[in-house]
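The chain contents come next:
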Amino acid sequence: MLLVLVAILSAVPVVSLLSGALVAILGAQMAAGRTRAWLPRAVLDRELPGETVRAALLAFEPRVRAAEKWVRPRWKFSEAPIIDRLNGLVIVLLGMLIALPFPFTNLGPAFVVIFMGIGLMERDGLVQVSAVVMALAVISAIYHFILVGIVG
């Protein structure tokens, strides 16, 4: 749930710099095999602008509720610890992309992290595999965007 909440905040332009780093930290913990999330005390004690957080949560709430209607436990192989570690690596990459200081590069990865988080919460292997495929597409698209923008 923490991953989904941080990813929702990643959709907010300026907040995405910090939240992208937090997504990457959470992904790294998953990749390392941790079963409980840890965040630095400085992050946990930090106050966020209430109206910004409220707007982000309200914007994503209908989409999350709609997704929950068809998400259910399936594809039990996704419960293997190695799958959580691989998902963690994907989440690290997405977190790094969220933190990029380019306009709109945070939205695609944030959506995929939310989708992955829902799949992880519900232990839905189909959603997790779909999120990995979407992550590859988003990573490729952002890589192309940045490469074309720089080489141009």
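The text that follows walks through the structure, step by step, so that each part is easy to find.

What counts and how
Within each chain, residues carry numbers counting from 1 in the order of the written sequence. Since the coordinates come from a predicted model, pLDDT governs what is reported: local features require at least 70, and pairs of side-chain atoms require 80 or more to be given and counted, while whole-chain, interface and lining totals use all residues. Side-chain figures throughout are based on the complete set of non-hydrogen atoms in the structure, without hydrogens or water. In DSSP terms, a helix is any run of H or I states spanning at least four residues, a strand is any run of E spanning at least two, and both are numbered starting from the N terminus. It only takes one pair of heavy atoms within 4.5 Å for two residues to be counted as in contact. Whenever a helix is involved, its axis is fitted only over the stretch in contact; in every case the axis is a line through C-alpha atoms, and angles between N-to-C directions fall within 0 to 180 degrees. Each angle is binned into one of four classes, with values under 35 degrees roughly parallel, values over 145 roughly antiparallel, values of 65 to 115 roughly perpendicular, and all other values oblique. For a crossing to be left-handed, the near helix must be turned anticlockwise from the far one by less than a right angle; the clockwise case is right-handed. Classification used: nonpolar for Ala, Val, Leu, Ile, Met, Phe, Trp, Tyr, Cys and Pro, charged for Asp, Glu, Lys and Arg, polar for all others including Gly. By nonpolar core is meant a set of buried Ala, Val, Leu, Ile, Met, Phe, Trp, Tyr and Cys residues that side-chain atoms within 4.5 Å join together. Burial classes follow relative accessibility: with a 1.4 Å probe on protein chains only, a residue under 20% of its type's maximum area counts as buried, one over 50% as exposed, and anything between as partly exposed.

Moving on: the environment of Leu-26. Considering the arrangement of structural elements, one finds Leu-26 in helix α2 (residues 16–31). Between the C-alpha atoms of Leu-26 and Leu-89, which are 63 residues apart in sequence, the distance is 9.9 Å. The residues touching Leu-26, leaving out its near neighbours within four places in the chain, are Leu-2, Leu-3, Val-6, Ala-37, Trp-38 and Leu-39.

It is worth spelling out the environment of Glu-51 at this point. For Glu-51, the position within the fold is in helix α4 (residues 50–70). Considered as a pair, Glu-51 and Asp-124 are 73 residues apart in the sequence and their alpha carbons are 32 Å apart.

In this section: the packing of helix α1 (residues 2–9) against α2. In the contact formed by α1 and α2, the axes pass within 8 Å of each other and the chain directions differ by 155°. What the angle tells us is that α1 and α2 run roughly antiparallel. In the crossing of α1 with α2, the sense of the turn from one axis to the other is left-handed. Counting all contacts with α1, which are made through Leu-2, Leu-3, Val-6, Ala-7 and Leu-9, the residues of α2 involved are Ser-16, Ser-19, Leu-22, Val-23 and Leu-26. Looking at side-chain class alone, the contact of α1 with α2 contains 8 nonpolar, 2 polar and no charged residues.

Looking now at the nonpolar core. In this structure, Leu-3, Val-23, Ile-91, Val-113, Ile-114 and Ile-118 are the most contacted members of the largest nonpolar core, which totals 34 residues. Contributing elements (two or more residues each) for this core: α1, α2, α4, α5 (81–98), α6 (107–122) and α7 (125–151). Ranked by residues supplied to this core, first place goes to α6 with 8 residues. With near-sequence residues (within four places) excluded, Ile-118 lies in contact with Val-4, Val-64, Ala-67 and Val-71.

Just distances and angles here, no functional claims.
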